[in-house]
Amino acid sequence: MKFRSRLVVDLNQLGENHQLIKDLAPQAQTLFMVKADGYGHGMIPLVRFAFLELGIKEFGCASVFEALRIREELPDLDVDIYVFSDIQLELQENVGVYLEKRLIPVLSNVSEINYILTHPEFSHLPLCLKFNTGMNRLGLSLDDLEDIVDVLKKYGRKSVYHLMTHYANGSFPMVGNLRNEWQRARFYEVKDFLRTNGIMIERSSMANSGAIEQKMNVDETHVRPGLMMYGPSSLNDEYKMHSHWKGKVISKLETYIVRTFDVKKGTPIGYCSTPCPHDGVVAILALGYGDGFSTRYVGASLYHQGFKGTITGRVNMDMAQVLFPVEARSKIKAHEMFTIWGQTEGDLKQFSDETKTIPYEIFCSLLPRVPRVYEIGGI
Ligand SMILES: Cc1ncc(COP(=O)(O)O)c(C=O)c1O
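Just so we're clear, the structure is a prediction, and the values are computed from it rather than from any experiment. (Residues numbered from 1 in each chain as written. Predicted model: local features only at pLDDT ≥ 70, side-chain atom pairs only at ≥ 80, totals over all residues. Heavy atoms only, no water.)

1. Here we look at the site of the ligand
Thought 1: Neighbouring residues of the ligand: 13 residues in total, closest Lys35, Tyr39, Ser209, Leu227 and Tyr360.
Thought 2: A distance of 2.6 Å is found between an oxygen atom of the ligand and a side-chain nitrogen or oxygen belonging to Tyr39.
Thought 3: In this structure, a nitrogen atom belonging to the ligand sits 2.9 Å away from a side-chain N or O atom of Arg224.
Thought 4: The fraction of the free accessible surface of the ligand (390 Å²) that becomes covered by protein chains is 92%.
Thought 5: Residues belonging to the shell around the ligand are distributed by class as follows: six nonpolar, four polar and three charged. (Near = heavy atom within 4 Å. Polar contact = N/O pair within 3.5 Å; in protein donor to acceptor, adjacent residues only side chain to side chain. Areas by Shrake-Rupley, 256 points an atom, 1.4 Å probe, with all protein chains shown as cover. Nonpolar A, V, L, I, M, F, W, Y, C, P; charged D, E, K, R; others polar.)

See below:
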């Protein structure tokens, strides 16, 4: 046994998911969202593979720190790296970072645009503008459009490098959901306004996974998939009929059974002495909140050798208890590998439903103690 728990990432499946995205959005380039360490899968190996094997040349990070990691660890890759939310543009120390490391800040307020335009050293920095069309998080206001055009013209900028907006309701239907329709109309308004006023738009994107799955806004020059690259659909169950997504989860979370023992109904186990709800066999897994396996996962179902167990008692820092029915006794053995989620989305989806989380959060919760292992070819 060489590991206690590990996340096995199938890079071929990443490639297959990307091909499926290309099938849905044949005209669009991919701006692959790799923030939060590649949604927990390990940003650097994913960016390297995506660039070298899949031909993806644009990547999205949340912070300067994440973007810098790509540039510093993969200095030979000629890629565009966007910094989306935490751009810290006005920090003097970052001026050089953006320029020397060729990072692209996604500007979402007028003061950032002014800052770039009034600092001559930024005169060649690509202008990436994100508008708030209804998400109401970050983003330029449509009320500022005239001022933005004025200031662009004043400083001789004739084009926007990348114009974007982000859907608030990507997990809802793209047609019929009023907010989605509203946001789309506002984005077209922004595009029209800029073009009518002589500002060229070099690139544009709206679609994240939810929209791509519904083949919406795939006629912009770019799409910005995050979650679907890693496998899961982001549509809510009741709207699954709107999804064309056939991708599979690229990872498998594996652990092993440290020990098993029989219990009787009422036997207290673990911290807080939780009484077992029925007779059965307990498997102690080598996975706890020190690995990112949350105490909130208690009560969720896990499967082994065809038997359904339940996470029982408090999840500890290093271990979790799973209670199986008595009939499973001969099949639940110490030292065996145990899969928390595999490649079929069903498992991860069911786990996220039962734990009242979302696949994004389950992926991102995994801590560094869980090694990421990369394989090319089925996992
Ligand atoms: C601006 C922006 N675009 C695209 C994405 C990718 O979204 P998803 O993972 O739902 O595809 C995100 C992720 O949060 C985002 O913030």
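2. Here we look at the packing of helix α7 (residues 145–154) against helix α8 (residues 178–196)
Thought 1: In the contact formed by α7 and α8, the axes pass within 11 Å of each other and the chain directions differ by 35°. Once α7 is placed against α8, the crossing between them reads as right-handed. From α7, Leu145, Glu146 and Val149 reach across to α8, where they touch Val190, Phe193 and Leu194.
Thought 2: Across the contact of α7 with α8, the residue classes break down as five nonpolar, no polar and one charged. (Axes fitted to C-alpha atoms, helices over the stretch in contact; angles between N-to-C directions. Helix = DSSP H or I, 4+ residues; strand = E, 2+ residues; numbered from the N terminus. Left-handed = near helix turned anticlockwise from the far one by under 90°. Contact = heavy atoms within 4.5 Å.)

3. Some remarks on the layout of surface pockets
Thought 1: Considered as a void within the structure, the largest pocket measures approximately 680 Å³ in volume.
Thought 2: Around the largest pocket sit 33 residues that line it, and His166, Asn208, Ser234, Ile358 and Tyr360 are the ones nearest its centre.
Thought 3: Within the residue set of the lining of the largest pocket, elements represented by two or more residues are α2 (35–39), β4 (80–86), α9 (209–213), α11 (345–354) and α12 (359–365).
Thought 4: Two domains each put at least three residues into the lining of the largest pocket: domain 1 (11–230) and domain 2 (251–375).
Thought 5: Within this model, the second largest pocket holds a volume of roughly 280 Å³.
Thought 6: For the lining of the second largest pocket, the elements supplying multiple residues, two or more each, are α5 (92–100) and β5 (103–107).
Thought 7: Per-class residue counts for the lining of the second largest pocket are nine nonpolar, one polar and eight charged. (1 Å grid on protein atoms, 1.4 Å probe; cavity = no way out; pocket = protein on both sides within 12 Å on 5 of 7 lines; lining within 4 Å. Points joined across faces, edges and corners; volume = space filled by probe spheres on them. Domains from an automatic or database assignment.)

4. Here's the deal with unusual backbone geometry
Thought 1: Although it is not a glycine, Tyr39 adopts a positive phi angle of roughly 45°.
Thought 2: Examined against the element boundaries, Tyr39 turns out to sit in helix α2.
Thought 3: A relative accessible area of 8% means that Tyr39 is categorised as buried. (Buried < 20%, exposed > 50% of the residue type's maximum accessible area, 1.4 Å probe, protein only.)

5. Observations concerning the packing of helix α1 (residues 11–24) against helix α3 (residues 43–54)
Thought 1: Remark: α1 packs on α3, axes separated minimally by 11 Å, with the N-to-C direction vectors making an angle of 60°. The orientation of α1 with respect to α3, classified from their angle, is oblique. The two elements α1 and α3 meet at a crossing, and its hand is right-handed. For the pair α1 and α3, the contacting residues are Leu11, Asn12, Leu14, Gly15 and His18 in the first and Leu46, Phe49 and Leu54 in the second.
Thought 2: Among the residues forming the contact of α1 with α3, the class breakdown is five nonpolar, three polar and no charged. (Parallel < 35°, antiparallel > 145°, perpendicular 65-115°, else oblique.)

6. Section: the pairing of β5
Thought 1: With five of its five residues buried, β5 lies for the most part within the structure.
Thought 2: Along β5, one buried face is formed by Leu103, Pro105 and Leu107 and the opposite face, lined by Ile104 and Val106, is buried too.
Thought 3: Where β4 lies against β5, three bridges are found, and the strand directions are parallel. Within β5, the residue paired with Tyr82 across the bridge is Ile104.
Thought 4: At this point the chain moves from β4, through α5, to the parallel β5, and the crossover so formed is right-handed.
Thought 5: Bridging between β5 and strand β6 (residues 128–131) involves two bridges; their strand directions are parallel. (Pairing = 2+ DSSP bridges. Right-handed = clockwise from strand over helix to strand, strands pointing away.)

7. Quick word on empty space enclosed by the protein
Thought 1: This structure, assessed with the given rule, holds one cavity of 30 Å³ or more.
Thought 2: Reported here for the largest cavity is a volume of approximately 40 Å³.
Thought 3: Looking at the largest cavity, the residues that line it are Lys130, Phe131, Asn132, Thr133, Met135, Arg137, Leu138, Thr165 and His166.
Thought 4: In terms of residue class, the lining of the largest cavity is built from three nonpolar, four polar and two charged.

8. What about α3?
Thought 1: Taken together, the buried positions of α3 are Met43, Ile44, Leu46, Val47, Phe49, Ala50, Phe51 and Leu54.
Thought 2: Looking one or two residues beyond α3, the residue adopting positive phi is Gly55, at roughly 75°.

9. Some remarks on the nonpolar core
Thought 1: Judged by nonpolar contacts, the single largest core of 112 residues is most densely connected at Phe32, Phe59, Ile70, Phe293 and Trp341.
Thought 2: In terms of residue count, the dominant contributor to this core is α3 (eight residues).
Thought 3: Contact partners of Phe32, with chain neighbours within four places excluded, come to Leu14, Leu46, Ala50, Ile56, Glu58, Phe59, Gly60, Pro225, Met229 and Tyr230.
Thought 4: Counting residues in each nonpolar core, the second largest holds six residues, with Ile269, Cys276, Ile284 and Leu323 among its members. (Core = buried A, V, L, I, M, F, W, Y, C linked by side-chain atoms within 4.5 Å.)

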